[in-house]
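# Structural overview for review
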Amino acid sequence: GTETYGAGEFCSYFPKGGHFTCKGCSHPLYSAASKFHDAGWDAYSTCFHSSGRAHVGLRAHGEVCCQNCGSHLGHVFKHSNSTGERQ
């Protein structure tokens, strides 16, 4: 199920470098620099790409998944950042 608002172990974790990976397959998903502060859940502005393909995919109803193994990563919500969305 979905974790409780604000209860995620990485909500307040902002490393100076590196990247976040898929828990299911260790595929790199987001750079540390793409994470932005959001009060409730982890939020990223962009994902990694290779060979013209995003490492994160979007399914029906805004579900975000790993393009490598298909693991559920969360959902996209409207937000007031520069892209208008959050993940």
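Data block above holds the structure.
An account of the accompanying structure is given in this report. (Residues numbered from 1 in each chain as written. Predicted model: local features only at pLDDT ≥ 70, side-chain atom pairs only at ≥ 80, totals over all residues. Heavy atoms only, no water.)

What follows concerns the overall build of the chain. When helices and strands are tallied, the chain shows zero helices and nine strands. Evaluated residue by residue, the chain yields a buried proportion of 32% over its 87 residues. Looking at the chain alone, contacts between residues at least 24 apart form 35% of all its contacts between residues at least 6 apart. For the chain, the accessible area works out to roughly 5600 Å², and carbon and sulfur atoms hold 51% of it. (Helix = DSSP H or I, 4+ residues; strand = E, 2+ residues; numbered from the N terminus. Buried < 20%, exposed > 50% of the residue type's maximum accessible area, 1.4 Å probe, protein only. Contact = heavy atoms within 4.5 Å. Areas by Shrake-Rupley, 256 points an atom, 1.4 Å probe, with all protein chains shown as cover.)

The next point concerns the pattern of salt bridges. Tallied over the entire structure, the rule returns one salt bridge. The partner of glutamate 63 in a salt bridge is arginine 59, with the nearest N and O atoms 3.4 Å apart. Here arginine 59 falls in the partly exposed class, since its relative accessible area comes to 37%. (Salt bridge = Lys/Arg side-chain N within 4 Å of Asp/Glu carboxyl O.)

With a phi angle near 65°, serine 26 is a residue other than glycine that sits in the positive phi range. Checked against the element boundaries, serine 26 lands in the loop between β1 (19-21) and β2 (28-31).

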